[in-house]
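Working through the structure, step by step
Here is what each chain is made of, one letter per residue.
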Amino acid sequence: MKKDLKTAKVCESGAAVSPLRRSLERFCENRSAVCAGTFVLLMLVVCGAADFLAPYPFEAQDLNLGAAGPSREHWLGTDTLGRDVLSRLLYGGQISLKVGLIATAVSCAIGVGFGMLAGWLGGVRDSVMMRFVDILYALPFTLFVILLTVLFGQEMWLIYVAIGAISWLTMARIVRNQTRELRTQAFVEAAICMGQSTRKIMARHLLPNLLGTVIVYATLTVPGVMLMEAFISFLGLGVKPPMTSWGLMIKEGADVMQDYPWLLLFPGAFFAGTLFALNLFGDGLRDAFDPKK
Amino acid sequence: MFRFVLKRLLEAVPVLLVVATLAFFLARFAPGGPFDEERALPPAVKAQMDAHYGLDKPLAEQYFRFLKNLAQGELGPSYKYHGWDVDELIADRVPTSLALGAGALVFALAVGIPLGAVASVKPNSWLDRLPTGMATVGICLPTFVVGPLLVLIFSTWLGWFNASGWNSPSDFVLPAVTLGLAYAAPVARLMRGAMLEVRSQDYMKTAKAKGLSPARIYFVHGLRNALLPVVTYIGPTAAGLISGSFVVESMFNVPGLGQFFVKAAFNRDFTMIVGTVLFYAAVLVALNLLAEIVLVKLNPRLKYE
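None of these values were measured; they are calculated from a predicted model.

Rules of the game
Residues numbered from 1 in each chain as written. Chains lettered and ligands numbered in written order. Predicted model: local features only at pLDDT ≥ 70, side-chain atom pairs only at ≥ 80, totals over all residues. Helix = DSSP H or I, 4+ residues; strand = E, 2+ residues; numbered from the N terminus. Contact = placed C-beta atoms within 7 Å. Buried ≥ 20, exposed ≤ 12 C-beta atoms within 10 Å, placed from the backbone. Axes fitted to C-alpha atoms, helices over the stretch in contact; angles between N-to-C directions. Parallel < 35°, antiparallel > 145°, perpendicular 65-115°, else oblique. Left-handed = near helix turned anticlockwise from the far one by under 90°. Core = buried A, V, L, I, M, F, W, Y, C linked by C-beta atoms within 7 Å. Nonpolar A, V, L, I, M, F, W, Y, C, P; charged D, E, K, R; others polar. pLDDT = per-residue confidence, 0-100. Bend = angle between axes of the 7 residues up to and from the residue.

1. Brief notes about the overall build of chain B
Counting secondary structure elements, chain B contains 12 helices and 0 strands. Ordered by position in the sequence, the α and β elements of chain B form the string α-α-α-α-α-α-α-α-α-α-α-α. Expressed as a percentage of contacts within chain B between residues at least 6 apart in sequence, the contacts between residues at least 24 apart total 74%.

Structure, rendered in structure tokens:
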């Protein structure tokens, strides 16, 4: 009801409000999504500034202390080697969030490129390309993450790329369908008639119209990718100690949780909290940018 | 329907062939081989082993031999589990993974569908926020956080179940719940979304106008149609469940299939890699087909393409 009134007001005043602005306004009305977005941003800043904020270096051990619960010196306790959990969470968060961002960027690049091309070409080439995506869907990804990780050794940035390289399938499908739809629109046809080059049409007409969908889906990819990094760490293929990531800390915590439950609970809470916020943020974006509304 | 199934099965053959080929070459391109142990074998022994399994032949020849065997339904011997064929190994583990996966699936549906349905009754009320929030939390908790927590609560503190093992029927509960929780959350979200969509449909108003009881409207007219996206989601998901989960299996010491997926890749057990990949792809194709059939049964307006 509230929304209806607002739309009416805009129409009366006759001011043209761009769809982007309207979507942003809609997003800002969604309080939980705004909170979630702020939380994600805060997490990015805090982990990014781990060098300045962390009370201890991530590898500093205090073997006399061993695993101790939260105290004034160590707010979130220490792990079995006497390393400060809070500091390690900040540094580990750097890795986990970096994986999330880089792998998502890679998956976007591949997915958008592939999907746009398939959607634009259409016909037989489109069906062949999409059939290829169907086939890749039929591969068990666990096995391929491991093979790719083994192939690239424990070079971290290559692992990010590997994760991205296997999570672009859904993005490609979404972009392809969207492109098919855009192709039939009058402004694209007009651009074709005016003899604009394919590359320019893609860059100037298709890409800007796809951007909303892509951004929304990308925010929803980040949590999935971070889960995958955690899984790789669970297998012992991720970051190399003494460096750490949230996934690795959860795995190490799970091994000793009978005696030192906080070593599982704190990393689990950081990880799940960030993922939760990312999901809420993504959902909020999707609801706000959904063209159906 | 028979023609539809037959057509789909015929279409699956080239898909499986491409999948097998991809798996075959990807496995070979990863560095290392099945006989690379920590303590290197004497070169003569290794050469003998390679020759025995035909690994010394050119790759193209190996590939064609592999295709020939595959056409005869043979996946070949495992390189790591000596004296076992890959199909025997897989068949040996399938019942365990099937039981665990089915249990997890039943749990996911039993929790997810009612949760999503309840959440859709009154959108944006606390009756909606609570289940939806729970589902979002569920999506964010990896199985390797949920599993240890469940063990901590139900086995260490309460002592209801064994922490791990696969001997008595009660050992089945914790792994199935751990695995199922991960899927209950998306099911609940899908269910909620679909139910909201269905409620605004004309046939719901018609049902109300006919004077049907609210329960009948809700369960027969609403639920049945809202299940469609859930069924679409469950098809591929069930394939993953049946093929086993490495994390849950290793956490609870369950002798299932999931471990093969990981171990085969670690061991460069070439035949096993191809075998597990093919198994997964075949199950996926079969379950997607099943899901399509269920969809048509649920919604007669859909037709077999």
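Back to the write-up after that little detour.
2. Quick look at the overall build of chain A
Looking only at helices and strands, chain A features 13 helices and 0 strands. The C-alpha extent of chain A, read off along each of the three principal axes, is 75 × 50 × 30 Å. When burial is assessed residue by residue, chain A has 41% of its 293 residues classed as buried. A separation of at least 24 residues holds for 69% of the contacts in chain A among residues at least 6 apart in sequence.

3. Section: the environment of Asn162 of chain B
All names here are of chain B. Looking at the element boundaries, Asn162 is found in the loop between α6 (143-157) and α7 (173-199). The class of Asn162 is partly exposed, set by 18 C-beta atoms lying within 10 Å. Along the sequence, Asn162 and Val173 sit 11 residues apart, while their C-alpha atoms lie 9.7 Å from each other. If near-sequence neighbours (up to four positions away) are discounted, Asn162 is found in contact with Ser155 and Asp171.

4. Quick word on the packing of helix α4 (residues 86-121) of chain B against helix α12 (residues 270-298) of chain B
Residue and element names in this part refer to chain B. At a minimum axis separation of 9 Å, α4 and α12 run at an interaxial angle of 50 degrees. Between α4 and α12, the interaxial angle falls into the category oblique. Once α4 is placed against α12, the crossing between them reads as right-handed. Along its contact with α4, which presents Val86, Asp87 and Ile90, the element α12 presents Thr271, Met272, Gly275 and Phe279.

5. Describing the nonpolar core
Most often, soluble globular proteins keep nonpolar side chains buried together rather than apart. Ile163 and Ile250 of chain A together with Val187, Met191, Ile273, Val274 and Val277 of chain B are the most contacted members of the largest nonpolar core, which totals 155 residues. Not counting residues up to four positions away in its chain, the partners in contact with Ile163 of chain A are Val99, Ala103, Val145, Val225, Met228 and Glu229 of chain A.

6. Thoughts on the interface of chain A and chain B
Think of interface size as the accessible area that goes away when the parts come together; that is how it is often given. Taken together, the 29 residues of chain A in the interface contact 33 residues of chain B. In the side of chain A that touches chain B, the residues fall into 24 nonpolar, 4 polar and 1 charged.

7. Structural notes on unusual backbone geometry
In this structure, Asn253 of chain B takes a positive phi of about 60 degrees despite not being glycine. If you trace the backbone, Asn253 of chain B turns up in the loop between α10 (246-252) and α11 (258-267).

8. Description of the packing of helix α6 (residues 123-137) of chain A against helix α9 (residues 169-183) of chain A
All names here are of chain A. Packing of α6 against α9 brings their axes to within 10 Å, and their N-to-C directions diverge by 150 degrees. The angle between α6 and α9 places the two elements in the roughly antiparallel class. In terms of crossing hand, the pair formed by α6 and α9 is left-handed. Contacts between α6 and α9 involve Met130, Val133, Leu136 and Tyr137 from the first element and Leu169, Ala172, Arg173 and Arg176 from the second. Here the residues of the contact of α6 with α9 are counted per class, giving 6 nonpolar, no polar and 2 charged.

9. Topic: the confidence of the model for chain B
On average, residues of chain B score 82 in pLDDT, and 99% of them reach the 70 mark or higher. If you check the scores for this complex, the pTM reads 0.79 and the ipTM reads 0.74.

10. With respect to the confidence of the model for chain A
Looking at chain A, pLDDT values average 81 and 92% of them are 70 or higher. In the model, residues 1-13 of chain A has pLDDT below 50 throughout and makes 2 contacts with residues more than four positions away in sequence or in other chains.

11. Looking at helix α9 (residues 214-242) of chain B
The α-helix advances 3.6 residues per turn, and as a result positions three or four apart in sequence lie on the same side. A bend of about 40 degrees at Leu223 of chain B is the largest found in α9 of chain B. In the segment just after α9 of chain B, Gly244 of chain B is the residue with positive phi, at about 90 degrees.

12. Regarding the environment of Val121 of chain B
For Val121 of chain B, the location among the structural elements is in helix α4. Remark: the alpha-carbon pair of Val121 of chain B and Arg192 of chain B, spanning 71 residues in sequence, is separated by 8.8 Å.

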